[in-house]
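Below are the chains, spelled out letter by letter.
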Amino acid sequence: MKIRILKTIEEAGKAEGLVVMIDVFRAFSLECYLFAAGARRIYPVKDLEEARAAAAAHEDCILIGEEGDARAEGCMYGDSPWQTGTGEVAGKRYDGKPDIFTEDNTLDGLAVGPEGPFFPRKHKGFDGTPGCAVVPGLFEGKDIIHLTGTGSSGILAAEAAGADEIIAAGLVNAEAVAKYILTRNPRSLSLVAAGKGGLENAKEDTLCAKYIESLLTGGVIVGDDALPRIFRTKIFTSDQIQLIADALLTDGGEEFFNPDPEWQEVYPREDFFLCTACDLFDFAIRIDRDEKGILFAEPVSVSNLS
């Protein structure tokens, strides 16, 4: 299997074979939570005009999405797993030592925990309970119109490039995506890190791509500019991915910790933890077109794939 990691929407136009579109903060992480909460299909659209047209064509659908740094006009929710209620964080951080830490609470000499630059979570642990809707059953069996400019643009670019198949991913379903890829066994695989606004490298997206690559190859994650600063000279196995993802808190995910109340309305701090909770879900998200040629996403469970 030939594996390429591409960055930004421009490079998505060079994708080939099976294409994995990655958007950790927050589009495809949100879609995972929505599917876990019972959504039937999600229709990704790139702008408000297209969102309104799609909503008019689908009875009893729910419109979700943002334009700029605000919930888009007419949308029930923005791009936030926390605000949609599909993810719920108890707020209690892990205060013990994951088994990858030494007795003095360091990792290769780096102080972690209360004395260090961030508070680690237990390996592959999670602080809350996913799948709890604001209104119980709100998303169950519903079609969602999801306004996601970066995600939709990346999908369209990969489609135009002649991709054989497109799936969507985030850290929350990365392991499931790797399992799905192995069952498909493509000759070519393109891991597309969508990036910030689709225009510049985003550490979280590239980290997710490198994690999926490591799961497929049995290799290691090598420190470089894709990782938070404190890890760039180190080599990590995929078992330590949650530690690396948590370090994005101070190097890549800072926007979620701006204390301004208006900012928190758009980028609540809880979204950081929801989007970086690794391997919560056992499904990939497959992108396809319906009988009318309209782009849609649906979950594909990997629990029974072999």
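What counts as what
- Residues numbered from 1 in each chain as written.
- Predicted model: local features only at pLDDT ≥ 70, side-chain atom pairs only at ≥ 80, totals over all residues.
- Heavy atoms only, no water.
- Phe/Tyr/Trp six-rings, centres within 6.5 Å; stacked < 30°, edge-to-face > 60°.
- Helix = DSSP H or I, 4+ residues; strand = E, 2+ residues; numbered from the N terminus.
- Buried < 20%, exposed > 50% of the residue type's maximum accessible area, 1.4 Å probe, protein only.
- Lys NZ or Arg CZ within 6 Å of the ring centre and 35° of its normal.
- Core = buried A, V, L, I, M, F, W, Y, C linked by side-chain atoms within 4.5 Å.
- Contact = heavy atoms within 4.5 Å.
- Salt bridge = Lys/Arg side-chain N within 4 Å of Asp/Glu carboxyl O.
- Polar contact = N/O pair within 3.5 Å; in protein donor to acceptor, adjacent residues only side chain to side chain.
- 1 Å grid on protein atoms, 1.4 Å probe; cavity = no way out; pocket = protein on both sides within 12 Å on 5 of 7 lines; lining within 4 Å.
- Points joined across faces, edges and corners; volume = space filled by probe spheres on them.
- Nonpolar A, V, L, I, M, F, W, Y, C, P; charged D, E, K, R; others polar.

Chemist: Quick one: what's the story with the packing of aromatic side chains, residue by residue and with numbers?
Modeler: Counted according to the given criterion, the structure contains 13 aromatic pairs. Between Tyr43 and Phe296 the ring centres are 6.2 Å apart and the planes differ by 50°, which places this aromatic pair in the tilted class. Taken together, the residues Tyr43 in strand S3 (residues 41–45) and Phe296 in strand S16 (residues 295–301) connect sequence positions 253 residues apart. For the residue pair Tyr43 and Phe296, the accessibility class agrees, reading buried in each case. Taken together, a centroid distance of 5.3 Å and an interplanar angle of 85° make the contact between Phe272 and Phe273 edge-to-face. Residue Phe272 is classed as buried on the basis of its relative accessible area of 0%. Taking the relative accessible area as the measure of exposure, Phe273 reaches 10% and is therefore buried. Through pairs of rings, three or more aromatic residues link up here, namely Phe25, Phe256, Phe257, Trp263, Tyr267, Phe272 and Phe273. Arg41 extends its terminal NZ or CZ atom over the ring of Phe296, reaching a point 3.7 Å from the ring centre.

Chemist: Please set out the nonpolar core residue by residue, giving values where relevant.
Modeler: Counting residues in each nonpolar core, the largest one holds 40 residues, and the members touching the most others are Val20, Ile22, Val177, Ile181 and Ile212. Counting residues per element, the ones that place at least two in this core are strand S2 (18–22), strand S11 (165–169), helix H6 (174–184), strand S12 (188–193), helix H7 (203–217), helix H8 (241–246) and helix H10 (269–275). Among all residues touching Val177, those that are not within four sequence positions of it are Val20, Ile167, Ala168, Ala169, Ile212 and Ala284. Counting residues in each nonpolar core, the second largest holds 38 residues, with Ile9, Tyr33, Ala157 and Ala297 among its members.

Chemist: Could you give an account of the pattern of salt bridges, naming the residues involved and the relevant values?
Modeler: Summed over the entire model, instances satisfying the criterion amount to 12 salt bridges. Between Glu16 and Lys2 there is a salt bridge; the shortest N-O distance is 3.3 Å. With Glu16 in the loop between helix H1 (8–12) and S2 and Lys2 in strand S1 (residues 2–7), this pair connects stretches of sequence that are 14 residues apart. Note that Arg26 is salt-bridged to Glu66, the shortest N-O span being 2.8 Å. Placement of the pair is Arg26 in the loop between S2 and helix H2 (27–36) and Glu66 in strand S4 (residues 62–67), with a sequence separation of 40 residues. Given the relative accessible area of 3%, Arg26 is considered buried. Judged by its relative accessible area of 13%, Glu66 falls in the buried class.

Chemist: Describe the side chain of Arg26, and please don't skip the residues or the numbers.
Modeler: Separated by 2.8 Å, the side chains of Arg26 and Glu66 make a polar contact. Polar side-chain contacts of Arg26 include one of 3.4 Å to the backbone oxygen of Asp79. If near-sequence neighbours (up to four positions away) are discounted, Arg26 is found in contact with Glu66, Asp79, Ser80, Pro81, Phe256, Val266, Tyr267, Pro268, Asp271 and Cys275.

Chemist: Run through the layout of surface pockets, naming residues and quoting values.
Modeler: Empty space within the largest pocket amounts to approximately 450 Å³. Considering the residues around the largest pocket, the lining is formed by 21 residues, among which Glu66, Gly68, Asp79, Thr150 and Tyr267 are closest to the centre. Of all the secondary-structure elements, those providing two or more residues to the lining of the largest pocket are S4 and helix H5 (149–160). Tallied by class, residues from the lining of the largest pocket come to five nonpolar, six polar and 10 charged.

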